[in-house]
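# Examination of the molecular architecture
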Amino acid sequence: MPQARTGRVSRRAVLGGTLTLPLLAGCAAEAAAPRTGVPALVGAIASEQDLIASYEAARAAHASLAGRIDPVLARHREHLAVLRRHYVPGSGERADEGGAIPPPRPQKIPAAPREALAVLRQAETKAATARVADAGKVDPALAQLLASIGACEAGHAAALVGAP
C-alpha cells in the first residue's frame, strides 16, 4: 500500500546525509591541500622521460648498441608507466606543488659508441642520486617506489661500464 507524501524527510535520509557530509568535506579538503610529494614525483617522471629520450637517441645514433641498451630502455619505460599511475593529472600545476611535467630532454649523444655509453652512464648515476634524495621528501609508499627506481638506475649505470 503506497504511503501518502507528507513533506517530511525520513530519519534514514537524514542519517544518510549526515554520514555523507564528512566524507565530502574530506574530499574537498584533500583537493585543496598541497600535495607535498608532487615535486618529487614530477621530477622522477621528467627524469624517466629524459632517460628514455636519451636511450632512444643513442639507439638511433648507434644501432650496434641496441642489444645492450634495449633491456635498459624497456625498464625505463616500465618505471615511467608506474610513476604516471601515481600522478593525478593537474595535481602539479599549482605553484605550490611543483609544476606540470616538462617535455623530455634527451642528452646530446656523442659520435663514438663508447662515449655514448659514458653519457648514458652519467645520466643514470645522476638519476639514481636524485631518486635517493627524493625518497627522503615523500610519504613512505612513494619513497619505497622512488628508492627502488633509484636502485635500478644505479644498476643500469654499473651495467654500462666497459666497452660497447
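Structural notes, computed from the coordinates.

Reading the values: the criteria
Residues numbered from 1 in each chain as written. Predicted model: local features only at pLDDT ≥ 70, side-chain atom pairs only at ≥ 80, totals over all residues. Heavy atoms only, no water. Helix = DSSP H or I, 4+ residues; strand = E, 2+ residues; numbered from the N terminus. Core = buried A, V, L, I, M, F, W, Y, C linked by side-chain atoms within 4.5 Å. Buried < 20%, exposed > 50% of the residue type's maximum accessible area, 1.4 Å probe, protein only. Contact = heavy atoms within 4.5 Å. 1 Å grid on protein atoms, 1.4 Å probe; cavity = no way out; pocket = protein on both sides within 12 Å on 5 of 7 lines; lining within 4 Å. Points joined across faces, edges and corners; volume = space filled by probe spheres on them. Lys, Arg positive; Asp, Glu negative; His and termini not counted. Salt bridge = Lys/Arg side-chain N within 4 Å of Asp/Glu carboxyl O. Axes fitted to C-alpha atoms, helices over the stretch in contact; angles between N-to-C directions. Parallel < 35°, antiparallel > 145°, perpendicular 65-115°, else oblique. Left-handed = near helix turned anticlockwise from the far one by under 90°. Nonpolar A, V, L, I, M, F, W, Y, C, P; charged D, E, K, R; others polar.

Moving on to the environment of Ala158. Along the chain, Ala158 turns up in helix H5 (residues 140–159). Put simply, Ala158 and Glu124 are 34 residues apart on the chain and 9.1 Å apart in space, counted from C-alpha to C-alpha.

Time to look at the nonpolar core. If you look at the biggest cluster of nonpolar residues, it comprises 32 residues, and the most contacted ones within it are Tyr55, Ile69, Leu83, Leu120 and Leu146. If you list the elements that add at least two residues to this core, you get helix H2 (38–61), helix H3 (66–86), helix H4 (113–135) and H5. With ten residues, H2 is the single largest residue contributor to this core. With residues up to four places along the chain from it excluded, the contact list for Leu146 reads Ala40, Ala44, Leu83, Arg131, Asp134, Ala135 and Val138.

As a further point, take the layout of surface pockets. The space that makes up the largest pocket amounts to roughly 270 Å³. Surrounding the largest pocket, 15 residues form its lining, Ala46, Ser47, Asp50, Arg105 and Lys126 being those nearest its centre. When residues of the lining of the largest pocket are traced back to their parent elements, those giving at least two are H2 and H4. In terms of residues, the lining of the largest pocket owes the most to one element, H2, which gives seven residues.

Relative to the elements of secondary structure, Glu124 occurs in helix H4. Arg131 provides the closest opposite charge to the buried, unpaired Glu124, separated from it by 8.7 Å. Each residue touching Glu124, except ones within four places of it in the same chain, is listed here: Leu51, Tyr55, Val72, His76, Glu153, His156, Ala157 and Leu160.

We now examine the packing of H4 against H5. Where H4 meets H5, the axes come as close as 8 Å, and the angle between the chain directions of the two elements is 160°. On the basis of the axis angle, H4 is roughly antiparallel to H5. Considering how the two elements wind past one another, H4 and H5 form a crossing that is left-handed. Here Arg121, Glu124, Thr125, Ala127, Ala128, Arg131, Asp134 and Ala135 of H4 lie close against H5, whose contacting residues are Ala143, Leu146, Ala147, Ile149, Gly150, Glu153, Ala154, His156 and Ala157. Residue composition of the contact of H4 with H5, by class: nine nonpolar, three polar and five charged.

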